Amino acid sequence: MKKPTSKIRQEIARLQEQLKLAETRDAERIGRVALRAGLGEIEVEEAELLAAFEDVASRFRRGDKTSAGRTAAKTPAHAAGQIEGQTADG
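Only a predicted model underlies this, so the values are computations on that prediction, with no experimental measurement involved.

1. Some details on the overall build of the protein
Alright, step 1. Across its full length, the protein holds two helices and zero strands.
Alright, step 2. For the protein, the accessible surface area stands at approximately 8,300 Å², while carbon and sulfur atoms represent 56% of it.

2. Concerning helix α1 (residues 5-36)
Alright, step 1. Given a rise of 1.5 Å per residue, 32 residues ought to cover 46 Å, and the 46 Å separating the end C-alpha atoms of α1 matches this to within 8%.
Alright, step 2. Looking one or two residues past α1, G38 carries a phi angle of roughly 95 degrees, positive in sign.

3. What to know about the pattern of salt bridges
Alright, step 1. Going through the model one piece at a time under the given rule, you end up with two salt bridges.
Alright, step 2. Across the pair K3 and E11 runs a salt bridge, and its minimum N-O distance is 2.6 Å.

4. Overview of the environment of K3
Alright, step 1. Tracing the sequence through the fold places K3 in the segment before α1.
Alright, step 2. The residues touching K3, leaving out its near neighbours within four places in the chain, are I8 and E11.

5. Notes on helix α2 (residues 46-61)
Alright, step 1. The terminal C-alpha atoms of α2, which comprises 16 residues, lie 22 Å apart, in line with the 22 Å expected from a rise of 1.5 Å per residue.
Alright, step 2. Positive backbone phi, at 95 degrees, marks G63, one or two positions downstream of α2.

6. Topic: the confidence of the model for the protein
Alright, step 1. Mean pLDDT over the protein: 80, with 70% of residues reaching 70 or higher.
Alright, step 2. Every residue in residues 72-90 is under pLDDT 50, and counting partners more than four places away or in other chains gives twelve contacts.

7. Remarks on the environment of S58
Alright, step 1. Looking at the element boundaries, S58 is found in helix α2.
Alright, step 2. Within polar-contact distance, the side chain of S58 engages the backbone oxygen of D55 at 2.8 Å.

Rules behind the numbers
- Residues numbered from 1 in each chain as written.
- Predicted model: local features only at pLDDT ≥ 70, side-chain atom pairs only at ≥ 80, totals over all residues.
- Heavy atoms only, no water.
- Helix = DSSP H or I, 4+ residues; strand = E, 2+ residues; numbered from the N terminus.
- Areas by Shrake-Rupley, 256 points an atom, 1.4 Å probe, with all protein chains shown as cover.
- Expected span 1.5 Å × (residues − 1).
- Salt bridge = Lys/Arg side-chain N within 4 Å of Asp/Glu carboxyl O.
- Contact = heavy atoms within 4.5 Å.
- pLDDT = per-residue confidence, 0-100.
- Polar contact = N/O pair within 3.5 Å; in protein donor to acceptor, adjacent residues only side chain to side chain.

Here it is in structure tokens:
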């Protein structure tokens, strides 16, 4: 049996709402991580930041998960946002 077009439209609307919620959750998660990394404190063009995010995404897609020799598990919470080699003093 075929589905009536009204049912298909309802299903599409429901899926679009689910997609919107999922994208919002993803954006909030990535935003929190970016803020912890200190990206909220620097001035950078959106295009440059997008290019950097695309580079990170491509590295993770191909399995190269190294990040300047440190991982989230090795980074203490008080050091989040500090660039390697810098101290809190500047």
